[in-house]
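Geometric and topological summary
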Amino acid sequence: MSEDLTAVARFLYEAGTLKNTVRTGWWMAGVKHPESVAEHSWRTALIATIIAKLEGADPARAAFLAVWHDSQETRTGDVNHLGKKYTAGEADPRGITADQVVGMPELLAEAVRDLIAEYEAKESPEAICARDADKLECMIQGIEYRSQGYQHAQRWIDNSRGRLTTKTANVLADAVLKTGSLDWLRTALGEKQS
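Read on for a plain summary of the structure. Predicted, not measured: the structure shown is a model, and the values here were computed from it. (Residues numbered from 1 in each chain as written. Predicted model: local features only at pLDDT ≥ 70, side-chain atom pairs only at ≥ 80, totals over all residues. Heavy atoms only, no water.)

If you tally the helices and strands in the protein, you get 11 helices and zero strands. Relative to its length of 194 residues, the protein is compact, with a C-alpha radius of gyration of 18 Å against a globular reference of 16 Å. With 194 residues in all, the protein has 43% of them scored as buried. Intrachain contacts of the protein at a sequence separation of at least 6 include 65% that bridge at least 24 residues. In the form shown here, the protein has an accessible surface area of approximately 11,200 Å², with 57% of it arising from carbon and sulfur atoms. (Helix = DSSP H or I, 4+ residues; strand = E, 2+ residues; numbered from the N terminus. Rg over C-alpha atoms; globule rule 2.2 N^0.38 Å. Buried < 20%, exposed > 50% of the residue type's maximum accessible area, 1.4 Å probe, protein only. Contact = heavy atoms within 4.5 Å. Areas by Shrake-Rupley, 256 points an atom, 1.4 Å probe, with all protein chains shown as cover.)

What follows is the structure, encoded as C-alpha cells:
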C-alpha cells in the first residue's frame, strides 16, 4: 500500500481518548465514576448483534454501526441531554466525522462518513437495531448502577426502556428487567436461583 496513513494513525490515537471519556449523564444519578464512552460502545455493539440477528437484519453491520455511533465524542465529549439544551446548537455527528476523516484515504473516509450518515438517518434495519442497542445498553447500565446503590439511575432505566422500538429490543428489555445483574454468575457456578 502506497497511501499515506498518517491521518489514520492520528485518528486511532484520537479514538483512544474515548477510553477516558466518561458518560456524564450518570453524574446526575450520583455515579462518581461512570463508564467510559468506549465501554458503552463495546457492549452496545454486542447488543446490536443480538437484536439484529433476531430481527433478521445484518448483525455485523449493526455492530459496525454501534461501534462507531459515539466516535464523534472524541471532539465534543459526552454531552448529556440536559447539557444539549444549553449548547449553541447541537453538533452534527456527520460534520464532526467529516472533520475526523480529513486526510485519510478517500475509500476509508467515504466508508466512515457513510456509516455515520446511515446511523443518523435512522432508516436502515441495522441502524434501527444499533440505536435500540444504544438505549438497551443504557438501561442495563442503569440497572447495574441501581444495584450498586445509585437509586436515581431508575430515571435512565425508565427513559431508555420507553424509547425502544424493535420487538426484539422490547422483549429483551423485559427479560433484562426480570433478571438479576449477577444471575449469570450464579448460573455459571451452578447455584440455585432465588
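A side chain with one charge can pair with a side chain of the opposite charge if their charged atoms come near. Summed over all chains, the structure comprises 10 salt bridges. Residue E35 pairs with R23 through a salt bridge whose shortest N-O separation is 3.2 Å. Here E35 is found in the loop between α1 (6–16) and α2 (37–55), whereas its partner R23 is found in the loop between α1 and α2, with 12 residues between them in sequence. Since its relative accessible area comes to 11%, R23 is described here as buried. Here D92 makes a salt bridge to R94, at a shortest N to O gap of 3.2 Å. D92 sits in the partly exposed class, given a relative accessible area of 36%. (Salt bridge = Lys/Arg side-chain N within 4 Å of Asp/Glu carboxyl O.)

This paragraph deals with unusual backbone geometry. The backbone phi angle of K122 is positive, close to 60 degrees, even though this residue is not glycine. With respect to the helices and strands, the residue K122 is situated in the loop between α7 (106–121) and α8 (125–147).

On to the packing of helix α3 (residues 59–68) against α7, then. Their axes nearest at 10 Å, the elements α3 and α7 cross at an angle of 95 degrees. As summarised for this structure, α3 and α7 are arranged roughly perpendicular, according to the angle between their axes. Across from R61, F64, L65 and W68 in α3, the residues of α7 making contact are V112, L115, I116, E118 and Y119. Of the residues that constitute the contact of α3 with α7, the class distribution is seven nonpolar, no polar and two charged. (Axes fitted to C-alpha atoms, helices over the stretch in contact; angles between N-to-C directions. Parallel < 35°, antiparallel > 145°, perpendicular 65-115°, else oblique. Nonpolar A, V, L, I, M, F, W, Y, C, P; charged D, E, K, R; others polar.)

This part covers the nonpolar core. Ranked by size, the top nonpolar core spans 34 residues in total, and within it I51, M104, L136 and M139 carry the most contacts. Of all the elements in the fold, those that place two or more residues in this core are α1, α2, α3, α7, α8 and α10 (167–178). With eight residues, the top contributor of residues to this core is α8. With residues up to four places along the chain from it excluded, the contact list for I51 reads C129, D132, A133, L136, T166, T168 and A169. (Core = buried A, V, L, I, M, F, W, Y, C linked by side-chain atoms within 4.5 Å.)

Within helix α6 (residues 93–100), the full set of buried residues consists of P93, I96, T97 and Q100. What you see down the axis of α6 is that its buried residues fit within an arc of 100 degrees, all on one side. Where the residues of α6 are buried, they touch α1, α4 (73–76) and α7. (Arc of directions from axis to C-beta.)

Looking at the secondary structure, you find I143 in helix α8. In this structure I143 comes out as buried when scored by relative accessible area, which is 9%. I143 sits 38 residues away from S181 along the chain, and the two C-alpha atoms are 7.5 Å apart. In contact with I143, not counting residues within four places along its chain, are I157, V176 and L177.

The next thing to look at is the packing of α6 against α7. Two elements in contact, α6 and α7, have axes whose closest approach is 9 Å; the angle formed by their N-to-C orientations is 170 degrees. If you check the angle between α6 and α7, you find them roughly antiparallel. Residues P93, R94, T97 and A98 of α6 touch α7, and the partners they reach there are V112, R113, I116, A117, E120 and A121. Per-class residue counts for the contact of α6 with α7 are six nonpolar, one polar and three charged.

Moving on, we come to the packing of aromatic side chains. Applying the stated criterion across every chain yields a total of four aromatic pairs. Ring geometry for W26 and Y145: centres 4.9 Å apart, planes at 70 degrees, overall edge-to-face. Of this pair, W26 sits in the loop between α1 and α2 while Y145 sits in helix α8; the two residues are 119 residues apart in sequence, bridging distant segments of the chain. The exposure class assigned to W26 is buried, which follows from its relative accessible area of 2%. Among the residues examined, Y145 registers a relative accessible area of 6% and is labelled buried. Centroid distance Y145 to Y150: 6.1 Å. Interplanar angle 85 degrees. Geometry classified as edge-to-face. Clustering of aromatic rings is evident, with ring pairs tying together W26, Y145, Y150 and W156. One Lys or Arg, R131, reaches over the ring of Y119 and ends 4.5 Å from the middle of that ring. (Phe/Tyr/Trp six-rings, centres within 6.5 Å; stacked < 30°, edge-to-face > 60°. Lys NZ or Arg CZ within 6 Å of the ring centre and 35° of its normal.)

Distances and angles like these do not, on their own, reveal function.
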